[in-house]
Amino acid sequence: MIQEKKLHFFFSLLFISLLVFSSCESDTDADIADIEVDIDFKRTDSLMEAGMKAYAENPELDILQAYDSYLKPDKNFWYEYLGLGGRFGEEVVDSKQDSLIALNVGGLISDPRMLQLMDSVRQVFPLGYDFEAEIKPVLKRLAVLFPDIPLPAFRTHVNGYVPDADLAYIDQIVSVPGFISFGLHYYLGESFSFYPPTIPQYVQRRFKPEYMDVVLAKELAEQVIEPIDFRQNRALLDNIVHAGMKQYLVDQLLPNEPDSVKLYYTSSQMEWVTYYEQAVYKELIDKLYDTNFKFQQEYLGEKPYTTSLSLESAPRLGQFAGWKIVDSYMENHP
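Before going into details, it helps to say that this report is about the structure given with it. Nothing here was measured: the structure is a model prediction, and the numbers come from that model.

**Looking at the pairing of strand β3 (residues 173–176)**
Okay, so step 1: Across four bridges, β3 lies against strand β4 (residues 179–183) in antiparallel orientation. Bridged to S175 within β4 is I180.
Okay, so step 2: Connecting β3 to the next strand, β4, in antiparallel fashion are two residues, including G178 with a positive phi near 85 degrees.

**Observations concerning the pairing of β4**
Okay, so step 1: Counting buried positions along β4 yields five of five residues, so the element is predominantly enclosed.
Okay, so step 2: Side chains F179, S181 and G183 of β4 all project onto a buried face; the interleaved residues I180 and F182 project onto the opposite face, where all are buried too.
Okay, so step 3: Sheet analysis places strand β2 (residues 153–157) next to β4, joined by five bridges and oriented parallel. By the bridge assignment for β4, T156 is matched with F182.

**Quick word on the sheet that holds β4**
Okay, so step 1: If you trace the four strands from one edge of the open sheet to the other, you get β1-β2-β4-β3, paired in mixed fashion. Two strands close off the open sheet at either side, each with one partner strand: β1 (41–42) and β3.
Okay, so step 2: Most of the contacts of helix α2 (residues 44–57) go to β2, to which it runs at about 35 degrees, and overall it touches β1 and β2.

**Quick notes on α2**
Owing to its 3.6 residues per turn, the α-helix brings residues three or four apart onto one side.
Okay, so step 1: For α2, spanning 14 residues, the distance from its first C-alpha to its last is 21 Å, which sits close to the expected 20 Å at 1.5 Å a residue.
Okay, so step 2: Taken residue by residue, α2 has T44, D45, M48, E49, G51, M52, A54 and Y55 as its buried positions.

**A short note on the environment of Y81**
Okay, so step 1: Topologically, Y81 is positioned in helix α4 (residues 75–81).
Okay, so step 2: Residue Y81 is classed as buried on the basis of its relative accessible area, which comes to 19%.
Okay, so step 3: Taking the C-alpha atoms as reference points, Y81 and S175, separated by 94 residues in sequence, lie 8.2 Å from one another.
Okay, so step 4: In this view, Y81 contacts H157, N159, D171, V174 and V176; residues no more than four positions away in its chain are not counted.
Okay, so step 5: A distance of 2.7 Å separates a polar atom in the side chain of Y81 from a polar atom in the side chain of N159.

**Overview of the layout of surface pockets**
Remark: the empty space left among the atoms is shown by a probe the size of a water molecule rolled over them.
Okay, so step 1: Roughly 1,000 Å³ of internal volume is contained in the largest pocket.
Okay, so step 2: As for the largest pocket, its lining consists of 32 residues, and the residues nearest its centre are K218, E222, K246, E302 and Q319.
Okay, so step 3: Contributing elements (two or more residues each) for the lining of the largest pocket: α10 (212–224), α11 (236–253) and α15 (293–300).
Okay, so step 4: The dominant element in the lining of the largest pocket, judged by the number of residues it contributes, is α11, at six residues.
Okay, so step 5: Classifying every residue of the lining of the largest pocket gives 17 nonpolar, eight polar and seven charged.

**What to know about the packing of aromatic side chains**
Okay, so step 1: Taken as a whole and judged by the stated rule, the model has 21 aromatic pairs.
Okay, so step 2: Judged by centre distance (6.4 Å) and plane angle (70 degrees), the rings of F182 and Y187 are edge-to-face.
Okay, so step 3: In this structure F182 comes out as buried when scored by relative accessible area, which is 0%.
Okay, so step 4: Where Y275 meets Y276, the ring centres are 4.8 Å apart and the plane angle is 85 degrees; that geometry is what we call edge-to-face.
Okay, so step 5: Accessibility expressed as a relative area gives 37% for Y276, which makes it partly exposed.

**What to know about the packing of helix α14 (residues 277–285) against helix α16 (residues 317–332)**
Okay, so step 1: Their axes nearest at 11 Å, the elements α14 and α16 cross at an angle of 105 degrees. Classified by the angle between their axes, α14 and α16 sit roughly perpendicular to one another. Residue-level contacts link E277, V280, Y281 and L284 of α14 to L317, F320, A321 and K324 of α16.
Okay, so step 2: Of the residues that constitute the contact of α14 with α16, the class distribution is six nonpolar, no polar and two charged.

**What to know about the environment of D238**
Okay, so step 1: Looking at the secondary structure, you find D238 in helix α11.
Okay, so step 2: C-alpha of D238 to C-alpha of L288: the two residues are 50 residues apart in sequence and 8.3 Å apart in space.

**As for the nonpolar core**
Okay, so step 1: Membership of the largest hydrophobic core comes to 68 residues, with the highest contact counts inside it found for F154, F182 and L216.
Okay, so step 2: If you tally residues by element for this core, the top one is α10, at seven residues.
Okay, so step 3: Counting 25 residues, the second largest nonpolar core, distinct from the first, contains L288, F295, Y299 and V326.

**Digging into the side chain of D45**
Okay, so step 1: Mapped onto the elements, D45 comes out in helix α2.
Okay, so step 2: Overall, the relative accessible area of 0% leaves D45 in the buried class.

**A word on the pattern of salt bridges**
Okay, so step 1: In this structure the tally under the stated criterion is 18 salt bridges.
Okay, so step 2: The salt bridge partner of R155 is D40, with a shortest N-O separation of 3.2 Å. You can see R155 sitting in strand β2 and its partner D40 sitting in the loop between α1 (2–20) and β1, a full 115 residues away along the chain.
Okay, so step 3: With a relative accessible area of 3%, R155 lands in the buried category.
Okay, so step 4: Note that E283 is salt-bridged to K287, the shortest N-O span being 2.6 Å.

Each value, and the rule that gives it
- Residues numbered from 1 in each chain as written.
- Predicted model: local features only at pLDDT ≥ 70, side-chain atom pairs only at ≥ 80, totals over all residues.
- Heavy atoms only, no water.
- Pairing = 2+ DSSP bridges.
- Helix = DSSP H or I, 4+ residues; strand = E, 2+ residues; numbered from the N terminus.
- Buried < 20%, exposed > 50% of the residue type's maximum accessible area, 1.4 Å probe, protein only.
- Contact = heavy atoms within 4.5 Å.
- Axes fitted to C-alpha atoms, helices over the stretch in contact; angles between N-to-C directions.
- Expected span 1.5 Å × (residues − 1).
- Polar contact = N/O pair within 3.5 Å; in protein donor to acceptor, adjacent residues only side chain to side chain.
- 1 Å grid on protein atoms, 1.4 Å probe; cavity = no way out; pocket = protein on both sides within 12 Å on 5 of 7 lines; lining within 4 Å.
- Points joined across faces, edges and corners; volume = space filled by probe spheres on them.
- Nonpolar A, V, L, I, M, F, W, Y, C, P; charged D, E, K, R; others polar.
- Phe/Tyr/Trp six-rings, centres within 6.5 Å; stacked < 30°, edge-to-face > 60°.
- Parallel < 35°, antiparallel > 145°, perpendicular 65-115°, else oblique.
- Core = buried A, V, L, I, M, F, W, Y, C linked by side-chain atoms within 4.5 Å.
- Salt bridge = Lys/Arg side-chain N within 4 Å of Asp/Glu carboxyl O.

Below, the structure written as structure tokens:
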């Protein structure tokens, strides 16, 4: 308890110091050319496509036969992706695993609409697309910072859309035991016309291939940074520092990406938060110990702008302030 009070006091002082001094961006460029990382990457979506085409040619194709011919080479991924161990118990025998995977994935590869979606995916991600070039710099920097962390295997999938999907259904990236998979159907460009209409435009704006490394870095930060225990009433200060720690790690993994991209800001939002940075701290400083979760979401939640400020304001200002706090702390305590 005493230690927590000391941390609160320290971060409060650090927050006040940001009102006076602008945080300098640390030089995070690192020579990673000689860093070697072993990446297990498979185009699982190509296996799905082969099954889809087989069904298009033969609609009477047996589902177990289709699974055995096209999807079984990546059986371990499908088992984890579908969460079969948690649903049916780890003791499920191999033959049962195969039939359960086939039944759960068969609906995808036998749906002619999925083949149409796969055609759209192929226009953006042809079979020769170099995914490893997209993600390898992130993984190299992760290996430098955390050499003992084992890398998962990487996959790609396409599973369509839920018509009334909210943000919880967006599977741009899926993390399951041993695997991280990219949902390629959520990287087709913000103007793609078949995304669920319930997903707001300010979120669709980042449905682009160039955000793939950022999405990966944010997922890795979620896994590396110890989560907050939400059973306790945490103050806004706790949560903005926690969000700042994750954003700081994203910054280290992607030192050459523009800040606006790493923060999911538009250029005008980045200009706004840069111009009003000290005003943001002044806005927050009297609210640092507020424990109301709903109130905190005004500064940390996924929104088009900060609701207590102007329509032109940048969203997630708590994340931005937390990132600046942690960046300043790390600069002074390397």
